[in-house]
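Listed below are the residues making up each chain.
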Amino acid sequence: MSLKQQIDTDIKNAMKAKNKEELQTLRSIKSMILLAESEKGAEENLSEDAEMKLLIKASKQRKESAETYKENGRDELAQAELFELDVIERYLPKQMSEAEVQAKLKEIIAKVGASGPQDMGKVMGVATKQLAGKADGKMISQLVKQLLAS
């Protein structure tokens, strides 16, 4: 079942359950998918990779918005963003822990033969492809810097 079909099913279930907050989030995800499909030069059905990128982008937006709201003392708005983030994360693959990412990065560093900070580009290219959707890009970057510096 594609992401779009899963979202449609979940929208129906949220409507039946009269869950307005979840319904709003699901509709925004569906809207993002439809917009991406209707872009010039886009395929009719998005690839799984493109769908994951959309969800990752949406989750990052929600996290950043929630942080901004908390900094400005708007906890009720931050809670709404965090609820939407929870709904979006249901469709993302399970996120790897920092220890898991570090172990995977050590494998990648050994595989590409990186020896120092000058090889960060090589490592990041492979790491971002292999860990896409499974780990945050900032965390990957920080860990690569640490591992190559030592």
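Residues numbered from 1 in each chain as written. Predicted model: local features only at pLDDT ≥ 70, side-chain atom pairs only at ≥ 80, totals over all residues. Heavy atoms only, no water.

Undergrad: Mind showing me how you'd approach the layout of surface pockets here?
TA: By volume, the largest pocket is sized at about 360 Å³. Sorting the residues of the lining of the largest pocket by element identifies α3 (48-71) and α7 (137-149) as the ones contributing at least two each. With eight residues, the single largest contributor to the lining of the largest pocket is α3. Partitioning the lining of the largest pocket into residue classes produces seven nonpolar, five polar and seven charged. By volume, the second largest pocket amounts to about 170 Å³. If you go around the second largest pocket, the residues you meet are Lys-60, Lys-63, Glu-64, Glu-67, Asp-136, Gly-137 and Lys-138. (1 Å grid on protein atoms, 1.4 Å probe; cavity = no way out; pocket = protein on both sides within 12 Å on 5 of 7 lines; lining within 4 Å. Points joined across faces, edges and corners; volume = space filled by probe spheres on them. Helix = DSSP H or I, 4+ residues; strand = E, 2+ residues; numbered from the N terminus. Nonpolar A, V, L, I, M, F, W, Y, C, P; charged D, E, K, R; others polar.)

Undergrad: Even after reading the chapter, I still don't get helix α2 (residues 20-38), so can you show me in this structure?
TA: The α-helix winds at 3.6 residues per turn, so residues separated by three or four positions along the chain end up facing the same way. Taking 1.5 Å per residue, 19 residues should reach 27 Å; α2 reaches 27 Å between its end C-alpha atoms and fits that length. Taken together, the buried positions of α2 are Glu-22, Leu-23, Thr-25, Leu-26, Ile-29, Ile-33, Ala-36 and Glu-37. Take α2 and look down its axis: the buried residues cluster within an arc of 165 degrees, on one side only. Turned more than 90 degrees off the buried face of α2, the exposed positions are Lys-20, Glu-21, Gln-24, Leu-35 and Ser-38. Here the buried face of α2 lies against α1 (3-16), α3 and α4 (75-89). (Expected span 1.5 Å × (residues − 1). Buried < 20%, exposed > 50% of the residue type's maximum accessible area, 1.4 Å probe, protein only. Arc of directions from axis to C-beta. Contact = heavy atoms within 4.5 Å.)

Undergrad: Explanation requested: the packing of α2 against α3 in the structure shown.
TA: The contact between α2 and α3 brings their axes to 11 Å, and the two run at 135 degrees. With respect to each other, α2 and α3 are oriented oblique. Considering only the axes of α2 and α3, their crossing is right-handed. Contacts between α2 and α3 involve Ser-28, Ile-29, Met-32, Ile-33 and Ala-36 from the former and Leu-54, Leu-55, Ala-58 and Arg-62 from the latter. Classifying every residue of the contact of α2 with α3 by side-chain character gives seven nonpolar, one polar and one charged. (Axes fitted to C-alpha atoms, helices over the stretch in contact; angles between N-to-C directions. Parallel < 35°, antiparallel > 145°, perpendicular 65-115°, else oblique. Left-handed = near helix turned anticlockwise from the far one by under 90°.)

Undergrad: Help me understand the pattern of salt bridges in this model?
TA: Side chains that carry opposite charge are capable of pairing whenever their charged atoms lie near each other. Applying the stated rule across the entire model yields eight salt bridges. Here Arg-90 makes a salt bridge to Glu-22, at a shortest N to O gap of 2.8 Å. Placement of the pair is Arg-90 in the loop between α4 and α5 (98-112) and Glu-22 in helix α2, with a sequence separation of 68 residues. The partner of Arg-62 in a salt bridge is Glu-81, with the nearest N and O atoms 3.9 Å apart. Of the two residues, Arg-62 is situated in helix α3 and Glu-81 in helix α4; the sequence distance between them amounts to 19 residues. Grouping residues by exposure puts Arg-62 and Glu-81 together as buried. Residues joined by salt bridges that share partners form a network here, namely Arg-62, Glu-81 and Glu-84. (Salt bridge = Lys/Arg side-chain N within 4 Å of Asp/Glu carboxyl O.)

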